[in-house]
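If you want the building blocks of each chain, they are given just below.
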Amino acid sequence: MRDLAVGEADWSFQYGSEIVYFAVRRQPLRRNSSINIHVEPEGNVLVDAPADASRASILAAVRKRSRWIQGHVSAFLRRREHVLPREYVSGESFMYLGRRYRLKVIAGESAEVSVKLRGGHLELRLANPLRQMVREATKGWIRDRARKVFADRLDAVLADLNWRLPAPTMRLQAMNAQWGSCSPSGRLTLNPWLVKAPRDCIDYVILHELCHLKEHNHSRRFYRLLDKNMPPWRSRKKRLDELAEVILNM
Ligand SMILES: [Zn+2]
């Protein structure tokens, strides 16, 4: 498993015969800070701990929830078994904004690459339709769409917020283990592959990151803010978790 830890030694615990690795993200000190454990949809285990929490206290907190963590990680591994690697050939299914399309790869005459949605197809026309070329063309199209769709959704989510916020800047960054993040200075980073998810899941991720501009960790206040601004966020998150393997399979 990829280690997302920053400057920490290896973290792991043993559960039965298995070793489960996790990453620790040190959080700035604030009142009521506690150790929070998340299992990302991709199976990575992340632990948010106050900057001054000792190694022993982090390990104790993680061990206490080891059964829950291991359950989530193995559920992820079971789901992944059913996802085959992408081939980038005609007929393969492809998700965009929560809808399924089929790839249609056409050997074009001109050197120019064209990618468009047509009917139920994502049609790619390129002179040299080798798998790697099709993959690159698809990725380029995803980035273009993501830039446009995320800007629109960010505007929509900002308009519905019940607190005022200067419009953050946004950038795209392909990530294997995260949908998005935000910096304290207000820069939003979003994973372009998220554009494959339904709009309301995209809105959830954007709102989640905007809430972090106000509440920097996953405190109770953070979830209250989410609840207030998007009452059904839990079902959207659940839907996104279920789609993660398909969406992040590139
Ligand atoms: Zn978060």
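Chemist: Break down the domain arrangement of the chain for me, with residues and values.
Modeler: Each assigned domain of the chain is listed here: domain 1 (12-80) and domain 2 (93-247). A separation of 26 Å is found between the C-alpha centroids of domain 1 and domain 2. Seen at the junction of domain 1 and domain 2, the total is zero salt bridges. Those elements giving two or more residues to the side of domain 1 that touches domain 2 turn out to be β2 (18-27), β3 (36-39) and α2 (66-80). If you tally residues by element for the side of domain 1 that touches domain 2, the top one is α2, at three residues. In terms of residue class, the side of domain 1 that touches domain 2 is made up of two nonpolar, four polar and seven charged.

Chemist: Please give an account of the coordination of the zinc ion that cites residues and values.
Modeler: Listed as protein donors to the zinc ion are H208 (NE2), H212 (NE2) and H218 (NE2); their distances from the metal cover 2.0 to 2.1 Å. In terms of primary sequence, the donors binding the zinc ion are separated according to H-x3-H-x5-H. On the accessibility criterion, H212 (10% relative accessible area) is buried.

Chemist: Break down the nonpolar core for me, citing the residues and quoting the values.
Modeler: Counting residues in hydrophobic clusters, the biggest one holds 51 residues, and the most contacted among them are F150, L210 and L240. Breaking this core down by element, the ones donating at least two residues are β5 (93-96), β6 (99-107), β8 (121-126), α3 (131-160), β11 (187-190), α4 (199-214), α5 (220-229) and α6 (233-248). Here the element with the most residues in this core is α3; it accounts for ten residues. Look past the residues within four positions of F150 in its chain and what remains in contact with it is M170, L172, L190, N191, P192, L194, V195, I202 and I206. Counting residues in hydrophobic clusters, the runner-up holds 16 residues, among them F13, I37, A49 and L59.

Chemist: Outline a positive patch on the surface, supporting the account with residue identities and numerical values.
Modeler: On the surface, K214, R220, R224 and K228 cluster together to form a positively charged patch. With three residues, the single largest contributor to the positive patch is α5. In this fold, R220 is placed in helix α5. By relative accessible area, which is 71% here, R220 ends up exposed.

Chemist: Just give me the short version of the packing of aromatic side chains, but keep the residues and values in it.
Modeler: Using the criterion set out here, one finds eight aromatic pairs in the structure. Geometrically, the ring pair formed by Y204 and W233 is stacked, given 5.8 Å between the ring centres and 10 degrees between the ring planes. In this pair, Y204 sits in helix α4 while W233 sits in helix α6, placing the two residues 29 residues apart along the sequence. Each residue in the set F94, Y96, Y101 and W141 is aromatic and connected to the rest through ring pairs, giving one cluster.

Chemist: Break down the side chain of H38 for me, citing the residues and quoting the values.
Modeler: Examined against the element boundaries, H38 turns out to sit in strand β3. Among the residues examined, H38 registers a relative accessible area of 14% and is labelled buried. Here H218 takes part through its side chain, which lies 3.1 Å from a polar atom of the side chain of H38.

Chemist: Please set out the state of the cysteines residue by residue, giving values where relevant.
Modeler: A full pass over the atoms with the stated rule returns zero disulfides. Free of any disulfide, C182 has its nearest neighbouring cysteine sulfur in C211, separated by 9.6 Å. Owing to a relative accessible area of 22%, C182 belongs among the partly exposed residues under this scheme. The closest cysteine sulfur to the non-disulfide-bonded C201 is located on C211, 16 Å from its own sulfur. Residue C201 is classed as buried on the basis of its relative accessible area of 1%.

Chemist: Could you give an account of the layout of surface pockets, with specific residues and numbers?
Modeler: Size it by volume and the largest pocket reaches roughly 1400 Å³. If you trace the largest pocket, you find 48 residues lining it, with R25, H38, E40, L46 and H218 closest to the centre. Secondary structure elements with two or more residues in the lining of the largest pocket: β2, β3, β4 (45-50), α2, β10 (180-182), α4 and α6. Taken together, the residues of the lining of the largest pocket sort by class into 22 nonpolar, 14 polar and twelve charged. When residues of the lining of the largest pocket are sorted by domain, at least three fall in each of domain 1 (12-80) and domain 2 (93-247).

Cut-offs used in this document
- Residues numbered from 1 in each chain as written.
- Predicted model: local features only at pLDDT ≥ 70, side-chain atom pairs only at ≥ 80, totals over all residues.
- Heavy atoms only, no water.
- Domains from an automatic or database assignment.
- Salt bridge = Lys/Arg side-chain N within 4 Å of Asp/Glu carboxyl O.
- Helix = DSSP H or I, 4+ residues; strand = E, 2+ residues; numbered from the N terminus.
- Nonpolar A, V, L, I, M, F, W, Y, C, P; charged D, E, K, R; others polar.
- Donors = N, O, S within 2.8 Å, 3.2 Å for Na, K, Ca; no water.
- Buried < 20%, exposed > 50% of the residue type's maximum accessible area, 1.4 Å probe, protein only.
- Core = buried A, V, L, I, M, F, W, Y, C linked by side-chain atoms within 4.5 Å.
- Contact = heavy atoms within 4.5 Å.
- Patch = residues over 30% accessible without salt bridge, like charges linked within 9 Å, V, L, I, M, F, W, Y side chains within 5 Å.
- Areas by Shrake-Rupley, 256 points an atom, 1.4 Å probe, with all protein chains shown as cover.
- Lys, Arg positive; Asp, Glu negative; His and termini not counted.
- Charge placed at Lys NZ, Arg CZ, Asp CG, Glu CD.
- Phe/Tyr/Trp six-rings, centres within 6.5 Å; stacked < 30°, edge-to-face > 60°.
- Polar contact = N/O pair within 3.5 Å; in protein donor to acceptor, adjacent residues only side chain to side chain.
- Disulfide = S-S within 2.5 Å.
- 1 Å grid on protein atoms, 1.4 Å probe; cavity = no way out; pocket = protein on both sides within 12 Å on 5 of 7 lines; lining within 4 Å.
- Points joined across faces, edges and corners; volume = space filled by probe spheres on them.

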